[in-house]
Amino acid sequence: MTDVMTDVMTIALLLLLLAGLLFWLAQALRQPTGIPWVRVVGSDTGGGRTFDHPLFARSIGLTGKPDYVLEKRGVCFPVEVKPGREATSPYESDVMQVAAYCLLLEATTGHSPPYGLLRYARITFRIPYTPAVRDRVLSVLEAMRADLTREPCARSHTNPSRCRSCGFVAICEESLISQ
Ligand code: SF4
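Residues numbered from 1 in each chain as written. Predicted model: local features only at pLDDT ≥ 70, side-chain atom pairs only at ≥ 80, totals over all residues. Heavy atoms only, no water.

**Student:** Which parts of the structure should I look at to understand the overall build of the protein?
**Tutor:** Tallying secondary structure elements over the protein gives four helices and seven strands in all. Along the protein, helices and strands appear, N-terminal first, in the series α-β-β-β-β-β-α-β-β-α-α. Counting over 179 residues, the protein shows a buried share of 28%. In the protein, the proportion of contacts linking residues at least 24 apart, taken out of those at least 6 apart, comes to 52%. Taken as a whole, the protein presents about 12,400 Å² of accessible surface, with 60% of it coming from carbon and sulfur. (Helix = DSSP H or I, 4+ residues; strand = E, 2+ residues; numbered from the N terminus. Buried < 20%, exposed > 50% of the residue type's maximum accessible area, 1.4 Å probe, protein only. Contact = heavy atoms within 4.5 Å. Areas by Shrake-Rupley, 256 points an atom, 1.4 Å probe, with all protein chains shown as cover.)

In structure tokens form, the structure reads like this:
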């Protein structure tokens, strides 16, 4: 074997080892997050494949963009990431958000996701998408639509930090913080 061939084989071997090391490192980094190592179909985070448009289901009047849509064995499921949340169980509003993304994927792909994932700062929750959860999302959507047509109602809390992070603070007359 010539010296050149030996060098080429050595470099090829080193590259193979490097690829293996990078793959192992990527898996080691992802494993503690609870997010499976599967194909990323879309993302709303600026990394990977970004969505061209939000998901839109005219039949239920719902639109939205999950942080990620992953695919495992041909089935897509949503992932919502809330890195600032520290809790040992998921908030109901977050469960409904993930379930709404499951509903959107079901309506737009024709396949029901078995679950969605909700990632907090340290824990990933698997939110099952069952017929009961689906019914709950649909009734929440119905209640929200009914609220849109109601007269303005009084503030239901005395917590300024809720107003600080509220999307309506600029136009809300009941706000607890001065603008
Ligand atoms: S700003 Fe208005 S709508 Fe928002 S949380 Fe405060 S009181 Fe409620």
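**Student:** Would you mind going over the environment of Arg73 with me for this structure?
**Tutor:** With respect to the helices and strands, the residue Arg73 is situated in the loop between strand 4 (68–72) and strand 5 (75–81). For Arg73, a relative accessible area of 78% translates into the label exposed. Along the primary structure Arg73 and Arg39 are separated by 34 residues, whereas in three dimensions their C-alpha atoms are 9.5 Å apart.

**Student:** What exactly am I supposed to notice about the site of the ligand here?
**Tutor:** The environment of the ligand is formed by Arg155, His157, Arg162, Cys163, Cys166, Val169, Cys172, Glu174 and Ser175. For the shell around the ligand, the residue count by class is four nonpolar, two polar and three charged. (Near = heavy atom within 4 Å. Nonpolar A, V, L, I, M, F, W, Y, C, P; charged D, E, K, R; others polar.)

**Student:** Please explain the packing of helix 2 (residues 92–109) against helix 3 (residues 131–148) as it appears in this structure.
**Tutor:** Two packed helices can be described by the angle between their axes and the distance between those axes. Contact geometry of helix 2 with helix 3 gives a least axis separation of 9 Å together with a crossing angle of 100°. Judged by the inter-axis angle, helix 2 sits roughly perpendicular to helix 3. Across the interface between the two elements, Glu92, Val95, Met96, Ala99, Ala100, Leu103 and Glu106 of helix 2 pack against Val133, Arg134, Arg136, Val137, Leu138, Val140 and Leu141 of helix 3. (Axes fitted to C-alpha atoms, helices over the stretch in contact; angles between N-to-C directions. Parallel < 35°, antiparallel > 145°, perpendicular 65-115°, else oblique.)

**Student:** Would you mind showing me how to read helix 2 here?
**Tutor:** Since there are 3.6 residues in each turn of an α-helix, residues three or four apart along the chain are aligned in direction. The end-to-end C-alpha distance of helix 2 is 25 Å, a good match for the 26 Å that 18 residues give at a rise of 1.5 Å each. Buried residues of helix 2: Asp94, Val95, Met96, Val98, Ala99, Ala100, Tyr101, Cys102, Leu103, Leu104, Leu105 and Glu106, and no others. One or two steps after helix 2, the chain reaches Gly110, where phi turns positive at roughly 85°. (Expected span 1.5 Å × (residues − 1).)

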